[in-house]
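Overview (structure and organization)
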Amino acid sequence: MDDDDHRYDDEDEEEGERLPAKVEDLAQASVPTSLKGLRACMRCGIIKTLDQFLEYGCENCPFLDMAGNHERCNMCTTAFFEGQVAVMDPGESWTASFLFLKFPFSAKWLRVDAYLPGVYAISITGQLDRDIEEELESRGCRWRCRPVGADQKTGMS
């Protein structure tokens, strides 16, 4: 057998198939880099460390301008959240569908079906500043946080 038959050709791979779009999306998933100091975006619920919010902001909510702004990160994120769900294909997540059968939530219930893959909080407690709420309202955006003591059965804002 000729050694040339078994060689690895870098050029063929580079010119060959690209990764499927879903695989490329997964490579961009935002996951916490540590279990300490986790925070959830009060608008979309994605969970990351404070350092990640400071470095990258919120990929689902770039208009909140959290990257590089410690004060804005503290205003738009909270450490008060319950539960976590990893959603890798927000539009078609079978995991989220399974959770919907077992528990009363899914990717669509969490309203993450249009978001990037990542780890999301199930419920979020906190209050956005009125200025931020007004900005979100003017954009037609909804947010997921509930003020302390709010009735959790009424659904999300």
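Note that the structure is a prediction, hence the values are computed from the model and not measured.

A word on the pattern of salt bridges
A full pass over the atoms with the stated rule returns six salt bridges. For R130, the salt bridge identified is with E133, shortest N-O distance 2.8 Å. With R130 and E133 both in helix 6 (residues 130–139) and three residues apart, the pair spans about one turn of that helix. The class for E133 is buried, based on a relative accessible area of 9%. R139 is the salt-bridge partner of E135, the closest N and O atoms lying 3.7 Å from each other. With a gap of four residues between them, E135 and R139 both fall in helix 6, about one helical turn apart. Classification of R139 as partly exposed rests on a relative accessible area of 48%.

Focus: the confidence of the model for the protein chain
Keep in mind that low pLDDT regions are not for reading the predicted coordinates in detail. Mean pLDDT over the protein chain works out to 76, with 62% of the residues at or above the 70 mark. Confidence drops under a pLDDT of 50 for residues 6–13, and excluding neighbours within four residues, the segment shows two contacts in the predicted structure. Low confidence marks residues 152–157, where pLDDT is under 50. Its contacts with residues over four positions away, or in another chain, come to 16 contacts.

Quick notes on helix 6
Within the span of helix 6, buried status applies to I132, E133 and L136. Buried residues of helix 6, viewed axially, fall in a sector of 100°; they line one side. Facing away from the buried side of helix 6, by more than 90 degrees, are the exposed residues D131 and S138. On its buried face, helix 6 sits against helix 4 (70–76). Just beyond helix 6, the residue with positive phi is G140, at close to 75°.

So, the sheet that holds strand 6 (residues 145–146)
Through backbone hydrogen bonds, the strands of a sheet pair up, either in parallel or in antiparallel fashion. A sheet is described by the order of its strands in space; here three strands give the open sequence 4-5-6, paired in mixed fashion. Each having just a single partner strand, strand 4 (81–87) and strand 6 make up the two edges of the open sheet. The sheet contact formed by strand 5 (residues 118–125) and strand 6 spans two bridges and is parallel. Residue pairing for strand 6: T125 is matched across the bridge by R146.

Brief notes about the nonpolar core
Counting residues in hydrophobic clusters, the biggest one holds 29 residues, and the most contacted among them are C41, C58, L64, M66 and L136. Of all the secondary-structure elements, those providing two or more residues to this core are strand 1 (38–41), helix 4, strand 4, strand 5 and helix 6. Here this core takes four residues from strand 5, the largest share from any one element. Beyond its immediate stretch of four places on either side in the chain, L64 contacts C41, R43, R72, C76, I132 and L136.

What counts as what
- Residues numbered from 1 in each chain as written.
- Predicted model: local features only at pLDDT ≥ 70, side-chain atom pairs only at ≥ 80, totals over all residues.
- Heavy atoms only, no water.
- Salt bridge = Lys/Arg side-chain N within 4 Å of Asp/Glu carboxyl O.
- Helix = DSSP H or I, 4+ residues; strand = E, 2+ residues; numbered from the N terminus.
- Buried < 20%, exposed > 50% of the residue type's maximum accessible area, 1.4 Å probe, protein only.
- pLDDT = per-residue confidence, 0-100.
- Contact = heavy atoms within 4.5 Å.
- Arc of directions from axis to C-beta.
- Pairing = 2+ DSSP bridges.
- Core = buried A, V, L, I, M, F, W, Y, C linked by side-chain atoms within 4.5 Å.

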